[in-house]
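Close look at the chain arrangement
Spelled out, the chains give:
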Amino acid sequence: MTKIALNLISGRTIHQGVAMEAGKEKDAYTKACGIIEMDPSDLKKLGAWRSTNVRVTSPYGSVVVKAVEATQGPHPGLAYIPMGPWANSVTDPNTYSTGMPTFKGVPIEVEIAMNEKILSSVELVQKKCRGEV
Amino acid sequence: MTKVVPDVICPFCGTLCDDIEVEVSDDGKTIVDVYNACAIGAQKFMHAQASDRVTRPRMQQPDGSYKEVSYDEAVEYTAQMLVNAKKPLMYGWSSTNCEAQSVGHEIAEKVGAIVDNTATVCHGSTLIAVQDVGIPSCTLGEIKNRADRIIYWGCNPTHAHPRHQSRYSIYPRGFFTNKGHKNRKMIVVDPRNTDTAKMADIHYQIEQGRDFELLSAFRVALRNEVLPDFVAGIPKEKIYEGAELMKSGRFGVIFFGMGVTQSLSKNHNIDNAIMLTKDLNEFTKFSIMAMRGHYNVTGSGQVLGWQFGFPFCVDLTRGFARYNPGETSSNDLLRRGEVDAIFVLGSDPGAHFPISSVRKIAELPSVAVDPHITPTTEVSKLHVPVAFVGVEVGGSCYRMDNVPIDARKVVDPPEGMLTDEEFLTRVNTRVSELKGVN
C-alpha cells in the first residue's frame, strides 16, 4: 500500500467553529473536523480519490479521517486537519519548556484505509483513553 | 410580537463584537433569531436553545454511563475532590466571565491548586515573549480609525475571527481612513493560500515553521542590508517590496496567531515579531496585537495578572504564586503525571489537548463544568452543566486589545440551572467549611 509523508498543521476553520458551537457530539462536528485537507498533487501521489478514508500516523499516534481536497491551497507537501480530537490524536505533545505543544509541523504518514471507520469525537476520545484504538 | 434586544455582546471569539441584536419571543424566554453575528456567533446563541441540552449534573458510573445527580451532590464531590487532592489542576477559565474567574482563584488559593487558562495552548508563548521584550500595542478602535498597513501573520481571521476585518481592520471607514479598504494595504504571511491570503495585496506563502527567518529578513530589509536570494522560500525582491510597503504607511499593525505561537520556535517567533514592530517604529507608527481566541481568555490573563502577578500557569500549591511555563503548564503537568485531580471550567481540553494529556484527565478524579456535551465532559467523572455566559448571564469580558466590555444577559437559563459563578461560590463555601477557613 502506498504511504506518503507530509507535514501536518492544524487550526480553525469556520465549519469547525459552527459545528463546535452546535455540539461536539453531533455528526456535523465529525464531518467538519474528522478530515485531512490535502493538496491535489498529494492525493494523486497517494492514489486516492477525494473523500476517501485514510489513516494518518505520526510518531505520537494514529487516526482515521477523510481525505479531502484543500480549498485553501495549493500547498503541496502540507496537510491540514482542523483543530479537534482527530488532529490531537497525532499531534506533537512536546512543549520544549514553553507549555505549548507543537501543534504545527508534525511529520505524518498517510495511507488509504477505505474500510476503516471515522469515529465521532466522543467515541474517539473515549476509546483512545481506554486504549482501544 | 417578538422583541429585539440590542447591543448584545457575542461570546465566541476575542473580537467580542458588541453590535449583536437578538430577537426573542414575546415572553422573553426563547431566542428566535440573531442579527449581525457571524455564522459561529449565531450558532452559539441558537445552541443555547437546543432541546437536547443537559440541564442537571451527571456522574460517571463504573460502566462508563452517566447518571443524573443534584447540584448539591455535584458541589460536594467537587469540593471533596479539590480539598483531598495534593496538587489539583484548575484549568480553562476562558469561556466564562471575570467574576467567575475571581471566585475560582479564591478556591485555588484555599486548596493549593495550579490555575492555568487556555492561553497555555493558544497565546501562552506570546505571553512569555511579552514578558521578555514588552509589547507596543494599541486598541482596535485606533486601528479602525488610523491603520493603513495591516499584516496578518500566521492567522486566518476569515475563518477564526470572521468579523474582525469588517469591524476593525480592513473594511471599516474610520476617522483617518475614510475610504475603508481603499486606504489600506494588506499583507498576509501563511503557508497556505488561505481565504484571508486571497484578499491580500501581498501574500507570502512561507515554508511552514520558517517564521523566525522571515521576520529576521524583514528586519534586515528595513535597513536595506543584504539578503540571501531566498528566505523561508520567499524571493528577496518580494521581501524588500514588503518592507517598503510597511515603511510607507502612516500607521501599521501586525496581527498574529497560532501560525507563529504553535510552530517550533514558539515564543522566539513572537520576540522577533515584536522587535520587527519596534524597528518599524523608527520609520513610521507600528503596533502589534495577538489574535486572541476565546472571548474572555484575555480577561483570565488580566484577572490572574492583578491577583497573582502572572497571566497563566500560576502555581499556588506552595501557598504563594509561582510561575514557570514548562513546569507549571497544564500539558507538562498532565504528561508527567504531576497532578492528582483536574477541574475544568469554560474550556474543552478533551478536544484540544494532545491525546496523551487527555488520557490523564480520564484517569484522574475530574470535574468538567461546561454548558455543552464535549469530549472533556464525556471522559470526566462529573459533568456540571451551567448557564451560557453572554446569553443567559452577563459579566465582564476582555476583548483581544484588553478593553473590558460587559456581556449582557438575553434570556433566562433553563429553570434550576446554576451559572458558573453561582456553582463556584457554592463550592467555595463548602471548601471553606472543609478546610475550616473563612
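Bear in mind that the values here come from a model prediction, so they are computed numbers and not experimental data. (Residues numbered from 1 in each chain as written. Chains lettered and ligands numbered in written order. Predicted model: local features only at pLDDT ≥ 70, side-chain atom pairs only at ≥ 80, totals over all residues.)

As for the pairing of strand β3 (residues 52-58) of chain A
All names here are of chain A. Inspection of the sheet shows β3 paired to strand β4 (residues 61-69) by seven bridges, in the antiparallel sense. For Thr52, the partnering residue across the bridge sits in β4 and is Ala67. Linking two consecutive strands that pair antiparallel, namely β3 and β4, is a turn of two residues. (Pairing = 2+ DSSP bridges. Helix = DSSP H or I, 4+ residues; strand = E, 2+ residues; numbered from the N terminus.)

Brief notes about the nonpolar core
By size, the foremost hydrophobic cluster in this structure holds 174 residues, and its most contacted members are A:Ile36, B:Leu82, B:Trp153, B:Leu214, B:Val253, B:Phe255 and B:Ala273. The element contributing the most residues to this core is helix α8 (residues 211-222) of chain B, with seven residues. (Core = buried A, V, L, I, M, F, W, Y, C linked by C-beta atoms within 7 Å. Buried ≥ 20, exposed ≤ 12 C-beta atoms within 10 Å, placed from the backbone.)

Some points on the sheet that holds strand β8 (residues 149-153) of chain B
Residues and elements named next belong to chain B. Reading across the sheet, the five strands line up as β10-β9-β8-β13-β14 and stay open at both edges, with parallel pairing between neighbours. Edge positions in the sheet fall to β10 (202-204) and β14 (285-290), since each has one partner strand and no second. With strand direction ignored, the average angle separating the axes of adjacent strands in the sheet is 15 degrees. As paired strands, β8 and strand β9 (residues 185-189) are joined by five bridges and run parallel to one another. Residue pairing for β9: Ile150 is matched across the bridge by Met186. Where helix α11 (residues 267-280) meets the sheet, its contacts fall on β8, β13 (251-256) and β14, and the angle it forms with β14 comes to roughly 160 degrees. (Axes fitted to C-alpha atoms, helices over the stretch in contact; angles between N-to-C directions. Contact = placed C-beta atoms within 7 Å.)

Remarks on the pairing of β9(B)
Residue and element names in this part refer to chain B. Across the five residues that make up β9, a large majority, four, are buried. Here β9 pairs with β10 via three bridges, running parallel. Bridge pairing in β10 places Val189 opposite Tyr204.

Considering the environment of B:Glu415
Of note, B:Glu415 is situated in the loop between β21 (404-407) and α16 (420-435). Spatially, the C-alpha atom of B:Glu415 lies 28 Å from that of B:Cys13, the residues being 402 residues apart in sequence.

A word on the packing of helix α1 (residues 14-22) of chain A against helix α1 (residues 39-47) of chain B
Running from N to C, α1(A) and α1(B) cross one another at 5 degrees; their axes reach a closest spacing of 8 Å. Relative to α1(B), α1(A) is oriented roughly parallel. In this structure, α1(A) contributes A:Ile14, A:Gly17, A:Val18, A:Glu21 and A:Ala22 to the contact, and α1(B) contributes B:Ala39, B:Ile40, B:Gln43, B:Lys44 and B:His47. Of the residues belonging to the contact of α1(A) with α1(B), the class tally is five nonpolar, three polar and two charged. (Parallel < 35°, antiparallel > 145°, perpendicular 65-115°, else oblique. Nonpolar A, V, L, I, M, F, W, Y, C, P; charged D, E, K, R; others polar.)

Thoughts on unusual backbone geometry
Here the bond from A:Gly73 into A:Pro74 is cis, since omega is 0 degrees, no more than 30 degrees from zero. With respect to the element layout, A:Pro74 can be found in the loop between β4 and β5 (78-82). Despite not being glycine, A:Ser51 has its phi angle at roughly 65 degrees, a positive value. Phi is positive for B:Cys313, which is not a glycine, with a value near 55 degrees.

Re the interface of chain A and chain B
Many analyses report the size of an interface as the accessible area lost when the parts associate. Taken together, the contact between chain A and chain B spans 43 residues of the former and 53 residues of the latter. Listed by contribution, the elements that provide at least two residues to the side of chain A that touches chain B are β1 (3-11), α1, β5, α4 (85-88) and α5 (121-130) of chain A. Here the side of chain A that touches chain B gets six residues from one element, more than from any other, and that element is α5(A). Across the side of chain A that touches chain B, the residue classes tally to 16 nonpolar, 21 polar and six charged.

Points about the domain arrangement of chain B
All names here are of chain B. Along its sequence, chain B is carved into domain 1 (3-47), domain 2 (58-120 + 295-435) and domain 3 (124-290). Distance between the C-alpha centres of domain 1 and domain 2: 25 Å. Every contact between the two is made by 17 residues of domain 1 and, on the other side, 15 residues of domain 2. For the side of domain 1 that touches domain 2, the secondary-structure elements that each account for two or more residues are β1 (3-8) and β2 (20-24). A per-class count over the side of domain 1 that touches domain 2 returns eleven nonpolar, four polar and two charged. (Domains from an automatic or database assignment.)

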